[in-house]
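Here are the chains, one letter per residue:
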Amino acid sequence: MAMLMRSVRAQADRAVPGIDDMASYLAAQVSDTSHREVVGPLLDGQGASGVVVRGGTVIASWGDPKREEMAYSATKSVLSLVAGIAFDTGKLRLDEPVSLSVNLPQFAGPHGRAITWRHLLDQTSQWEGELWGKPTQVDAQSTREGTESAGGPPGEGWAYNDVRVNLTALALTVLLGRALPDVLRDHVMTAIGASDGWSWHGYENSVAEIEGARVPVVSGGAHWGGGLWISALDLARLGQLCLRGGVWGVRQVISRDWIEELWTPCRVKPNYGLSWWLNHDRTVWPKAPETGRCARGNGGSHLLWVDPARDLVISSRWGAGVEQLLVEVSEAVEPCIN
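Quick look at the structure, then. (Residues numbered from 1 in each chain as written. Predicted model: local features only at pLDDT ≥ 70, side-chain atom pairs only at ≥ 80, totals over all residues. Heavy atoms only, no water.)

### Here's the deal with the side chain of Ser 73
Argument step 1. Looking at where Ser 73 falls in the secondary structure, it is placed in the loop between β3 (68-70) and α3 (74-88).
Argument step 2. For Ser 73, a relative accessible area of 11% translates into the label buried.
Argument step 3. Within the local environment of Ser 73, its side chain forms a polar contact with the side chain of Tyr 160, the two groups lying 3.3 Å apart. (Helix = DSSP H or I, 4+ residues; strand = E, 2+ residues; numbered from the N terminus. Buried < 20%, exposed > 50% of the residue type's maximum accessible area, 1.4 Å probe, protein only. Polar contact = N/O pair within 3.5 Å; in protein donor to acceptor, adjacent residues only side chain to side chain.)

Right under this line is the structure:
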């Protein structure tokens, strides 16, 4: 326990600098050469915070773990949980073309009709177009480690592209006929005892027309603002839900089948599942255990780490050097004996 406490105290002192002015911070982070305008709301950061959960009990914390912060791309993994709600109700079939259940122009034409829900969720759709004023090709992060090929078929190339993730959010909104924060609240957040302080935002122009009503569409990250705003404690609750195979208490909130799909490696990007990062080959966090998987945003400054081998969840917000935290906490917590 002494090692664990030293580790979390050190993490509390490794706050990411400059986050108290989120507009300036985000402008410095985005490397797009055009279409850089922020079109969603921003929330200034207030320092490092987090929790360590073992066996469903918080055993360590730092900062204010009840304080909401922007989740950046950790939002993507939460979006995949909403997709699980559609999966469990039979509205979404992973390997079925999206066009069979959603009528949107983005899924018309030969390429669009070939895109499945799996392609959207594991970022292999290779869709090209513009959504909410942001073209796919301007997202600079797509080219950093992607394997996509221009004009290539869905499923044959991977790229981390926020425009395509926003298309996933739009498709799910139309499929479910409701704003995704309402779906998440009704089916998941209330069931796991989350606070009422979290919120999920889109852009000023991200709205879908559904049966004559204007329904807001959220973003899958904070690339141009918006995304999920959530506390370390509530994020840890989501991690605990996944760790338990979708069970909370005696209730099956998300099916175990869906949790297993989240953590199934993508064929063309084996360290990525359905919007979750997988560390089984230690390419995500080389020094951390291969038994972990995670939601991460802003290079890891927002991290939800789930390690079933240790019955362990770590939620870290606005903390630098997070791999050191993972290593030290994992050394302090012995693997479970089955």
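### Regarding the packing of α3 against helix α7 (residues 162-176)
Argument step 1. Close contact between α3 and α7 brings their axes to 11 Å; oriented N to C, the two are set at 25 degrees. The angle between α3 and α7 places the two elements in the roughly parallel class. Once α3 is placed against α7, the crossing between them reads as left-handed. Taking contact as the criterion, the partners of Lys 76, Leu 79, Val 82, Ala 83 and Ala 86 in α3 are, on α7, Asp 162, Val 165, Thr 168, Ala 169, Leu 172, Leu 175 and Leu 176.
Argument step 2. Class assignment of the residues belonging to the contact of α3 with α7 gives a composition of 9 nonpolar, 1 polar and 2 charged. (Axes fitted to C-alpha atoms, helices over the stretch in contact; angles between N-to-C directions. Parallel < 35°, antiparallel > 145°, perpendicular 65-115°, else oblique. Left-handed = near helix turned anticlockwise from the far one by under 90°. Contact = heavy atoms within 4.5 Å. Nonpolar A, V, L, I, M, F, W, Y, C, P; charged D, E, K, R; others polar.)

### Quick look at the packing of aromatic side chains
Argument step 1. Enumeration according to the criterion identifies 10 aromatic pairs in this entry.
Argument step 2. For the pair Tyr 72 and Trp 318, a centre-to-centre distance of 5.6 Å together with 75 degrees between the ring planes defines the contact as edge-to-face. With Tyr 72 in the loop between β3 and α3 and Trp 318 in the loop between β14 (312-317) and α11 (322-332), the pair connects residues that are 246 residues apart, well separated along the chain.
Argument step 3. The exposure class assigned to Trp 318 is buried, which follows from its relative accessible area of 0%.
Argument step 4. Measuring from ring centre to ring centre gives 4.8 Å for Phe 87 and Trp 258, while their planes differ by 40 degrees; the resulting arrangement is tilted. A residue pair is termed long-range when its members are at least 10 positions apart, and Phe 87 in helix α3 and Trp 258 in helix α10 (residues 256-262) qualify at 171 residues.
Argument step 5. A residue is classified by how much of its surface remains accessible, and Trp 258, at 0% relative accessible area, is buried.
Argument step 6. Connected via pairs of aromatic rings, a cluster forms that spans Trp 158, Tyr 160, Tyr 272 and Trp 277.
Argument step 7. Positioned above the aromatic ring of Trp 158 is the side chain of Lys 269, whose terminal nitrogen or guanidinium carbon lies 4.5 Å from the ring centre.
Argument step 8. Its end group placed over the ring of Trp 277, Arg 296 keeps NZ or CZ at 4.2 Å from the ring centre. (Phe/Tyr/Trp six-rings, centres within 6.5 Å; stacked < 30°, edge-to-face > 60°. Lys NZ or Arg CZ within 6 Å of the ring centre and 35° of its normal.)

### Focus on the environment of Val 30
Argument step 1. With respect to the helices, strands and loops of the structure, Val 30 is situated in the loop between α2 (22-29) and β1 (49-54).
Argument step 2. Residue class for Val 30 comes out buried when judged on its relative accessible area of 10%.
Argument step 3. Considering only alpha carbons, one finds Val 30 and Ala 320, 290 residues apart in sequence, at a separation of 18 Å.
Argument step 4. In this structure Val 30 touches Arg 36 and His 223, once residues within four positions along its chain are discounted.

### Re the sheet that holds strand β7 (residues 213-218)
Argument step 1. The 4 strands lie next to each other as β3-β8-β6-β7, forming an open sheet whose pairing is antiparallel. The sheet is open, and its two edges are formed by β3 and β7, each paired on a single side. Each strand of the sheet is rotated relative to its neighbour by a mean of 35 degrees, with strand direction disregarded.
Argument step 2. Sitting on the sheet, α7 is in contact with β6 (199-210) and β7, with an inclination near 140 degrees to β7. (Pairing = 2+ DSSP bridges.)

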